[in-house]
Amino acid sequence: CTPGTAPFIGLREVLADELSGDADAMRLLVKGDDSKALVAAVSTWRQRHDQAVLIVDQFEELFTLSPAAVQDEFAALLRRLVLEADVFVLLTMRDDFLYACHQHEALRRVVSDLTLLGPPVGGALRRAFVQPATKCGYRFEDDELVDEMLAEVEGERGVLPVLAFAAAQVWERRDRENGFLTRDAYHEIGGVGGALARHAEVTIDRIGVERLPIVRELFRNLVTGEGTRAVREWDELLSVFNTTGVSREGINPSPTKDPAAAKQNVGAGFIPAHEAAEEVLRALIDARLLTSYETRVDEEEPTRMVEIVHESLLANWPRLVRWQAQDVDGARMRDDLRQATRRWDERGRPDDLLWAGTAFREYQLWRERYPGGLSETEEAFATAMTSLAERSRRRRRAAAVAAVVVFAIVALVFAGLWRRSVNETRRAEAGKLLALARAEIDRYPTAALAWARK
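This section reports on the structure supplied with the text. (Residues numbered from 1 in each chain as written. Predicted model: local features only at pLDDT ≥ 70, side-chain atom pairs only at ≥ 80, totals over all residues. Heavy atoms only, no water.)

**Concerning the side chain of T64**
Then step 1. Position of T64 relative to the elements: it lies in helix α4 (residues 61-65).
Then step 2. Excluding anything up to four places from it in sequence, T64 contacts F97, T224, E226, T228 and Q339. (Helix = DSSP H or I, 4+ residues; strand = E, 2+ residues; numbered from the N terminus. Contact = heavy atoms within 4.5 Å.)

And the structure:
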């Protein structure tokens, strides 16, 4: 299996296929959707077989497509399958994600007991390259051609997929009459290094330069901030284009749902984006730059998924490398937004999972600079965040007004009390002066008059 965006579902799917003939194990598998049910199902099945191995390919997807909580849970499940179900677990991943395994207690043995397998070199690489054609009754036109193709990728990272793609291109142009893989075919594809990039550029030319912004937006949504492939649902991927127009300059930064405005956009050079995007997506799949497949969970309707056909495309297509470099600043925020949106949607869209405060302000700054669109669910998440922020602002404004009103009332009360106190004090002083006047009126009438006036 591969982790994808839902590692537990992916594992359950392959287990359902594998356990379909074991009624007891299937009963345990469908009994619950937690790790305990998965371990119980595999344990029951394991008891009836001598050995079992679970291969999790593209394991880096666990770290690039899932939140931290899911990473911990799935890592713990794999460890339980080893310890409790006695299953061998084999993980394949990009070597720059090995340290991520060390951050999870359940995966630390992966790093401590590491077995490093480098790519085939020398005679082993030559045999892997030549023998498949030989078994089909074909051979290379001359040995120097094989040496030249192998020398072109010597020392390169990810040599096998690049070499395999070039070999497939040469194979399609083979000399069927004489049974040769020819030098002319090799030069026609632009050599090993240029085969993939050339094929991608030919595909772009065939799609049309006016739809290049759509191609870029599709790939923007199929690459993670870590520079790995992202698996997206077909409908979710296309929903990025639901409310946007596409021009030669890129995705319309001011999307609109108003039909009249949409017509005006089309008249001004904008393409109806959703329909155009689906056509481009199918063209990229037909050209084998992207791949599409269906997944099914229990009895639910199958879900169609899309991903880049191989990671070698990310490093060997100059145009895509340039796009990734231009998008690197916003790519990580996009990954965070995607994961937060998925968690929010899966848990019933509660307000407490929305970004607020600093996180929301960072999103606003990112959104002002981000040139692409958001999927339908991500737009709903963004709208809910904005709504929550607006409600919070209204609450803060109401609280501020209430505080001012309360302060004014308190101030008026204290002012009244202070005035009353001042008046009482003045009356008391006046009473004292009148008393002095009465006491002095017989002996010193003038002084008494002065005290009385005072």
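**Quick look at the pattern of salt bridges**
Then step 1. Summed over the entire model, instances satisfying the criterion amount to 25 salt bridges.
Then step 2. For R319, the salt bridge goes to E201, with nearest N and O atoms at 2.7 Å. On the criterion of sequence distance, the pair formed by R319 in helix α18 (residues 318-346) and E201 in helix α12 (residues 191-207) is long-range, its members being 118 residues apart.
Then step 3. We classify R319 as buried; its relative accessible area is 18%. (Salt bridge = Lys/Arg side-chain N within 4 Å of Asp/Glu carboxyl O. Buried < 20%, exposed > 50% of the residue type's maximum accessible area, 1.4 Å probe, protein only.)

**A closer look at the packing of α18 against helix α19 (residues 358-369)**
Then step 1. Relative to each other, α18 and α19 sit at 125 degrees, their axes nearing to 11 Å. The pairing of α18 with α19 is recorded here as oblique in orientation. Handedness of the crossing formed by α18 with α19: left-handed. Between α18 and α19, the residues in contact are G330, M333, R334 and L337 and E362, Y363 and W366, respectively.
Then step 2. Residue composition of the contact of α18 with α19, grouped by class: four nonpolar, one polar and two charged. (Axes fitted to C-alpha atoms, helices over the stretch in contact; angles between N-to-C directions. Parallel < 35°, antiparallel > 145°, perpendicular 65-115°, else oblique. Left-handed = near helix turned anticlockwise from the far one by under 90°. Nonpolar A, V, L, I, M, F, W, Y, C, P; charged D, E, K, R; others polar.)

**Structural notes on the sheet that holds strand β5 (residues 232-233)**
Then step 1. Judged by pairing direction, the sheet is antiparallel, and its three strands sit side by side in the order β5-β10-β9 without closing on themselves. Pairing within the sheet leaves two strands with one partner each, and these edge strands are β5 and β9 (290-295).
Then step 2. Relative to strand β10 (residues 303-308), β9 runs antiparallel, the two sharing six bridges. When the bridges of β10 are listed, S292 appears paired with V306. (Pairing = 2+ DSSP bridges.)

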